[in-house]
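Observations on the three-dimensional arrangement
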Amino acid sequence: MLYGPDIICALIDSIEAYGVYMARNNVAASDTDSANIYYLTRLLRAIISDCCGINIH
């Protein structure tokens, strides 16, 4: 396996923390925030697809 489960958990935690921070602080998503969340989710999809053979695109 190229990736351990820790990287998947770290990505999910990062996405969750990003959203929680923005919600708690009434922060509107900027273009940079949107791009960061997009790329985190794309990376998570790629890892799940690569490791588990699950196509979630």
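The preceding data block contains the structure.
Residues numbered from 1 in each chain as written. Predicted model: local features only at pLDDT ≥ 70, side-chain atom pairs only at ≥ 80, totals over all residues. Heavy atoms only, no water.

Now for the overall build of the protein chain. A tally of helices and strands in the protein chain yields 2 helices and 0 strands. For 57 residues, the compact-globule estimate of 2.2 N^0.38 gives 10 Å, and the C-alpha radius of gyration of the protein chain, at 13 Å, exceeds that figure by more than 25%. For the C-alpha atoms alone, the extent of the protein chain along its principal axes is close to 40 × 20 × 15 Å. Buried positions account for 12% of the 57 residues belonging to the protein chain. As displayed, the protein chain has an accessible area near 4300 Å², and 57% of this comes from carbon and sulfur atoms. (Helix = DSSP H or I, 4+ residues; strand = E, 2+ residues; numbered from the N terminus. Rg over C-alpha atoms; globule rule 2.2 N^0.38 Å. Buried < 20%, exposed > 50% of the residue type's maximum accessible area, 1.4 Å probe, protein only. Areas by Shrake-Rupley, 256 points an atom, 1.4 Å probe, with all protein chains shown as cover.)

For helix α2 (residues 31–52), which comprises 22 residues, the first-to-last C-alpha distance of 31 Å matches the rise-based estimate of 32 Å (1.5 Å per residue) to within 8%. All of the buried residues in α2 are D33, L44, I47 and I48. Take α2 and look down its axis: the buried residues cluster within an arc of 100°, on one side only. Within α2, the exposed residues directed more than 90 degrees away from the buried face are D31, T32 and Y39. (Expected span 1.5 Å × (residues − 1). Arc of directions from axis to C-beta.)

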